[in-house]
Amino acid sequence: MKKLYLNKGKEESLRRYHPWVFSGAVHHVEGHPQEGDLVQVYTAADEFIAVGHWQIGSIAVRVLSFEDDPIGHDFWVRRLRAALDVRRSIGVAGHPHNDTYRLVHGEGDNLPGLIVDMYGKTAVMQAHSVGMHVSRMAIAEALKEVMGDALQNIYYKSETTLPFKAELGQENGFIMGSTPDDIAVENGLRFHIDWLKGQKTGFFVDQRDNRSLVEQYSKGRRVLNMFCYTGGFSVYAMRGGASLVHSVDSSQKAVDLVNANVELNFPGDARHKAFAEDAFKYLEQMDENYDLVILDPPAFAKHRDAIRHAIKGYTKLNARAMEKMPQGSLLFTFSCSQAISKDQFRMAVFTAATLARRKVRILHQLHQPADHPINIYHPEGEYLKGLVLYVE
Ligand code: SAH
């Protein structure tokens, strides 16, 4: 196997099980690895420290194991079984009313660069590294073994997540089975999952617990679900007894999806309406007195250098909403930008409250759910944060 030697002293973060080797830490590499190849990582003192996938870019290696393990079928089975055990123990897998969950969350499951979401009997697999792409068929085989009958199809969806420069030309498609059935169940509610064309793996699995909280507070409220996408929050609010639910997204496709999902669960229910409109424009022009508002925008900061701009965006968005909310209303506000910290987001919302001249109390601090675990040695895995505010 190819061997990578670190500069002297650069093994410290690996000794703390951080799963990345940055290119600046690399002294030299033996054997001319191609991107995606396995490499063994050695200290300057010639001591084995990790094995992982070689990459081109600022992260040179994504670590698969800190043991000198062969990375083959048994390894993938072990890792996937460990991931499934977690989902079983928290009750999202093998549940009679829930078959939608994240089975593999990259570094959070010691599988850097790999995402697997389960929708019924279909797994949607997404590679974010060339190494995971190269291993996709081996992973699919292992997945079959671990999941047994609970898995019939694997859709591979990495067209937009693989490093662009690797020029792999990968197209999305089934690598095992195939099915026209696109309905999955989350907490007893049914959703069409557009794994063929939808964002991420087709659904925002990460908001499951936060949707339940919206359901809990929806009774008799007039709900605005801004940035609704597939309408997860809207459908939960309806089950929670909202008196009215309005869903807004700038994309007409999203509006079609939310309408289809509401119809699937509450056919003919006149409480719901969806609008294809820009969020800022809608907030400015709306004359409805919504007393439960959800703001779940796309990541405003995709990179570190966009942070200041993003903070301004969160401030403006939250201020616009708070200005119009009646007394005693609830605001569920989120940021899924990994580059924005919890404190930065809270500060942006604080500034928004000041600008809107509203008295605001924090009722809940929200985050990603347990099937999106954070590897304690890799705090970068924490990305979703939210606040539930009581607006006086
Ligand atoms: N809340 C959703 C996920 C939101 S994803 C869920 O629980 O599934 C972000 C959504 O914001 C996308 O559907 C995107 O189309 C929409 N969007 C992006 N910019 C927007 C804008 N300026 N106004 C309204 N919607 C926007």
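Definitions and cut-offs
- Residues numbered from 1 in each chain as written.
- Predicted model: local features only at pLDDT ≥ 70, side-chain atom pairs only at ≥ 80, totals over all residues.
- Heavy atoms only, no water.
- 1 Å grid on protein atoms, 1.4 Å probe; cavity = no way out; pocket = protein on both sides within 12 Å on 5 of 7 lines; lining within 4 Å.
- Points joined across faces, edges and corners; volume = space filled by probe spheres on them.
- Helix = DSSP H or I, 4+ residues; strand = E, 2+ residues; numbered from the N terminus.
- Nonpolar A, V, L, I, M, F, W, Y, C, P; charged D, E, K, R; others polar.
- Pairing = 2+ DSSP bridges.
- Axes fitted to C-alpha atoms, helices over the stretch in contact; angles between N-to-C directions.
- Contact = heavy atoms within 4.5 Å.
- Parallel < 35°, antiparallel > 145°, perpendicular 65-115°, else oblique.
- Left-handed = near helix turned anticlockwise from the far one by under 90°.
- Near = heavy atom within 4 Å.
- Polar contact = N/O pair within 3.5 Å; in protein donor to acceptor, adjacent residues only side chain to side chain.
- Areas by Shrake-Rupley, 256 points an atom, 1.4 Å probe, with all protein chains shown as cover.
- Buried < 20%, exposed > 50% of the residue type's maximum accessible area, 1.4 Å probe, protein only.
- Domains from an automatic or database assignment.
- Buried area = accessible area lost by both parts, 1.4 Å probe.
- Salt bridge = Lys/Arg side-chain N within 4 Å of Asp/Glu carboxyl O.
- Expected span 1.5 Å × (residues − 1).
- Arc of directions from axis to C-beta.

What to know about empty space enclosed by the protein
Then, number 1: Per the stated rule, a full pass over the model turns up 1 cavity of 30 Å³ or more.
Then, number 2: Counted as a void, the largest cavity has a volume near 50 Å³.
Then, number 3: Lys342, Phe345, Arg346, Gln365, Leu366, Lys385, Gly386 and Leu387 together form the lining of the largest cavity.
Then, number 4: Elements supplying a minimum of two residues to the lining of the largest cavity: helix H10 (342–356), strand E19 (360–367) and strand E20 (385–391).
Then, number 5: When grouped by side-chain class, the residues that make up the lining of the largest cavity number 3 nonpolar, 2 polar and 3 charged.

Considering the sheet that holds strand E2 (residues 20–22)
Then, number 1: An order of E2-E6-E5-E4-E1-E3 is seen for the 6 strands of this open sheet, with the pairing classed as mixed. At either end of the open sheet lies a strand with only one pairing partner, and these are E2 and strand E3 (26–30). Strand-to-strand twist in this sheet, taken as the mean axis angle between neighbours without regard to direction, amounts to 35°.
Then, number 2: In terms of strand pairing, strand E5 (residues 48–54) meets strand E6 (residues 59–65) through 4 bridges, oriented antiparallel. Residue pairing for E6: Val51 is matched across the bridge by Ser65.
Then, number 3: Sheet strands touched by helix H2 (residues 73–89): E5 and E6. Its angle to E6, the strand with the most contacts, is close to 80°.

Brief notes about the packing of helix H9 (residues 307–324) against H10
Then, number 1: Viewed as axis vectors pointing N to C, H9 and H10 meet at an angle of 40°, and their least axial separation amounts to 8 Å. It follows from the interaxial angle that H9 and H10 lie oblique. For the pair H9 and H10, the sense of crossing is right-handed. Facing H9, whose interface residues are Ile307, Ile311, Tyr314, Thr315, Asn318, Ala319, Met322 and Glu323, H10 presents Gln344, Phe345, Ala348, Val349, Thr351, Ala352, Ala353, Leu355 and Ala356.
Then, number 2: A breakdown of the residues in the contact of H9 with H10 according to their chemical character gives 12 nonpolar, 4 polar and 1 charged.

Some words on the site of the ligand
Then, number 1: Taken together, 16 residues surround the ligand, and among them Phe227, Asp249, Asp278, Ala279 and Asp296 come closest.
Then, number 2: In this structure, Gln199 approaches the ligand through a side-chain N or O atom, which is 3.1 Å from an oxygen atom.
Then, number 3: A distance of 2.7 Å separates a nitrogen atom of the ligand from a polar atom in the side chain of Asp296.
Then, number 4: Expressed as a share of its isolated accessible area of 580 Å², the protein-covered part of the ligand is 87%.
Then, number 5: For the shell around the ligand, a count of residues per class yields 7 nonpolar, 4 polar and 5 charged.

Focus: the side chain of His133
Then, number 1: Mapped onto the fold, His133 is located in helix H3 (residues 130–134).
Then, number 2: For His133, a relative accessible area of 6% translates into the label buried.
Then, number 3: Not counting residues up to four positions away in its chain, the partners in contact with His133 are Ala127, Tyr156, Leu162, Leu168 and Gln170.

Comments concerning the domain arrangement of the protein chain
Many analyses report the size of an interface as the accessible area lost when the parts associate.
Then, number 1: Domain assignment breaks the protein chain into domain 1 (2–65), domain 2 (73–187) and domain 3 (204–391).
Then, number 2: Domain 2 puts 17 residues into the contact, and the matching count from domain 3 is 16 residues.
Then, number 3: With both chains or domains summed, domain 2 and domain 3 bury close to 1,300 Å², and 54% of this area falls on carbon and sulfur atoms.
Then, number 4: Considering only the surface of domain 2 that becomes buried against domain 3, His105, Glu186 and Asn187 emerge as the three largest contributors, covering 40% of it.
Then, number 5: Applying the counting criterion to the domain 2 and domain 3 interface returns 1 salt bridge.
Then, number 6: Between Arg211 and Glu186 there is a salt bridge; the shortest N-O distance is 3.1 Å.
Then, number 7: The interface formed by domain 2 and domain 3 contains 9 residue pairs in polar contact (both at pLDDT 80 or more).
Then, number 8: Among the residues forming the side of domain 2 that touches domain 3, the class breakdown is 5 nonpolar, 6 polar and 6 charged.

Structural notes on helix H4 (residues 136–147)
Then, number 1: In this model H4 runs 16 Å from its N-terminal to its C-terminal C-alpha over 12 residues, within 8% of the 16 Å that 1.5 Å per residue would give.
Then, number 2: By the burial criterion, the buried members of H4 are Ile139, Ala140, Ala142, Leu143, Val146 and Met147. End-on, the buried residues of H4 take up no more than an arc of 165°, which puts them together on one face.
Then, number 3: Positive phi shows up at Gly148, right after H4, with a value of about 60°.

Points about the sheet that holds E20
Then, number 1: Spatially, the 7 strands line up as an open sheet ordered E16-E15-E14-E17-E18-E20-E19, and their pairing is mixed. Both outer strands of the open sheet, strand E16 (272–276) and E19, are each paired with one neighbouring strand and no more. Between one strand axis and the next, the sheet turns through 15° on average, direction left out of account.
Then, number 2: Where strand E14 (residues 222–226) and strand E17 (residues 292–295) come together, 4 bridges link them in parallel fashion. Looking at the pairing, Met226 lines up with Leu295 of E17.
Then, number 3: Lying on the sheet, helix H6 (residues 232–239) is in contact with E14, strand E15 (244–249), E16, E17 and strand E18 (329–335); it crosses E15 at an angle near 180°.
Then, number 4: Sitting on the sheet, helix H7 (residues 252–265) touches E15 and E16, and the angle it makes with E16 is about 170°.

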